[in-house]
Amino acid sequence: MTQQEKNEFSDRQYPVTENMGRLLTAWRLQRLGFFMLVAIIIAALLGVFSNGWLSDRVVSNSQATLRVEYQRFTRETSEIPLVIRAKNIGKEQIVVTLSGDLMDNFEIETLQPQSAATDSKDHQLHITLPAGKKDEWRAVYLSLRPKSFGYFNNIIEMQGADSVHFSQLVYP
């Protein structure tokens, strides 16, 4: 290090008082803050806070007769789409049951199709759909709104098939 470079990083009194140690610390913190801001923006674009590649999920049961499309990460004030697809396995009706934290911590704002018969008891919601032809898929579209923030474990079951378990993280 030359004498001139050494003088660049030494404390000064003229024209203003400078403490170079504190200035270097401030510059490092500013650089760290910039990189943290870039990391938060990238995480948001990828879907860590709501819609996006890391948030959108599709899970199905082991028999591939029940499929749920949901968002892993969401905010307390946002509306969450939830799509349940059930395959007719040869029954007259398809009965889908929502339970777990889903019934206690989320409000169902809309349920499509409107003609679906619903019944609620013991912290469970039973949705009955007409079956249609064998091996035909039926869908139920729900709009949910979280009542509070937290980590919730949800269960969706179909009569005569394995259940689907999934978790959601709701930010404040």
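Residues numbered from 1 in each chain as written. Predicted model: local features only at pLDDT ≥ 70, side-chain atom pairs only at ≥ 80, totals over all residues. Heavy atoms only, no water.

## Considerations on the sheet that holds strand E10 (residues 150-158)
Pairing in this open sheet of six strands is mixed, and the strands run E3-E11-E10-E5-E8-E7 from one edge to the other. The open sheet has two edge strands with one neighbour each: strand E3 (73-75) and strand E7 (117-121). This sheet shows a mean twist of 25° between the axes of neighbouring strands, independent of strand direction. (Pairing = 2+ DSSP bridges. Helix = DSSP H or I, 4+ residues; strand = E, 2+ residues; numbered from the N terminus. Axes fitted to C-alpha atoms, helices over the stretch in contact; angles between N-to-C directions.)

## Details of the side chain of Gln71
Counting through the fold element by element, Gln71 comes out in strand E2 (residues 66-71). Polar contacts involving the side chain of Gln71 include one to the side chain of Asn51, which spans 2.3 Å. For Gln71, the residues in contact, after removing those within four places along its chain, are Ser50, Asn51, Ser55, Asp56, Pro81 and Gln168. (Polar contact = N/O pair within 3.5 Å; in protein donor to acceptor, adjacent residues only side chain to side chain. Contact = heavy atoms within 4.5 Å.)

## Brief notes about the pairing of E2
In terms of strand pairing, strand E1 (residues 56-60) meets E2 through five bridges, oriented antiparallel. By the bridge assignment for E2, Val59 is matched with Val68. The antiparallel pairing of E1 with E2 creates a hairpin that spans five residues between the two strands, and Ala64 there sits at a positive phi of about 60°. By the bridge criterion, four bridges tie E2 to strand E4 (residues 80-87) in an arrangement that is antiparallel. For Leu66, the partnering residue across the bridge sits in E4 and is Ala86.

## Points about the pairing of strand E11 (residues 164-171)
In E11, alternate side chains face the same way, and those of Val164, Phe166, Gln168 and Val170 are buried while those of His165, Ser167, Leu169 and Tyr171 on the opposite face are not. Direction of pairing for E3 relative to E11: parallel, over a ladder of three bridges. Its bridge partner lying in E11, Phe73 is registered against Leu169. Pairing geometry for E10 and E11, over seven bridges, is antiparallel. Within E11, the position partnered with Tyr151 by the bridge is Leu169. (Buried < 20%, exposed > 50% of the residue type's maximum accessible area, 1.4 Å probe, protein only.)

## Points about unusual backbone geometry
Omega for the bond connecting Gln112 with Pro113 falls within 30 degrees of zero, at 5°, which places this linkage in the cis form. Within the secondary structure, Pro113 is located in the loop between strand E6 (106-112) and E7. With phi around 50°, Asp122 is a residue other than glycine that occupies positive phi space. Relative to the helices and strands, Asp122 resides in the loop between E7 and strand E8 (124-130). The class of Asp122 is exposed, set by a relative accessible area of 66%. Notably, His123 is not glycine yet its phi reads approximately 60°, a positive angle.

## Examining the packing of aromatic side chains
Counted under the stated rule, the structure contains five aromatic pairs. Judged by centre distance (5.8 Å) and plane angle (55°), the ring pair of Phe49 and Tyr171 falls under tilted. Placement of Phe49 in the loop between helix H2 (20-46) and E1 and of Tyr171 in strand E11 is noted, with a sequence separation of 122 residues between them. Ring plane angle 75° and centroid distance 5.4 Å describe the contact between Phe106 and Phe152, whose orientation is recorded as edge-to-face. (Phe/Tyr/Trp six-rings, centres within 6.5 Å; stacked < 30°, edge-to-face > 60°.)

## Points about the pattern of salt bridges
Per the stated rule, a full pass over the model turns up four salt bridges. A salt bridge links Glu109 to Arg145; the shortest N-O distance between them is 2.5 Å. Residue Glu109 is found in strand E6, and its partner Arg145 is found in strand E9 (residues 137-146); the two are separated by 36 residues along the sequence. The partly exposed category is assigned to Glu109, whose relative accessible area is 36%. In this structure Arg145 comes out as partly exposed when scored by relative accessible area, which is 25%. By sharing partners, the salt bridges in this structure join Glu79, Glu109 and Arg145 into a single network. (Salt bridge = Lys/Arg side-chain N within 4 Å of Asp/Glu carboxyl O.)

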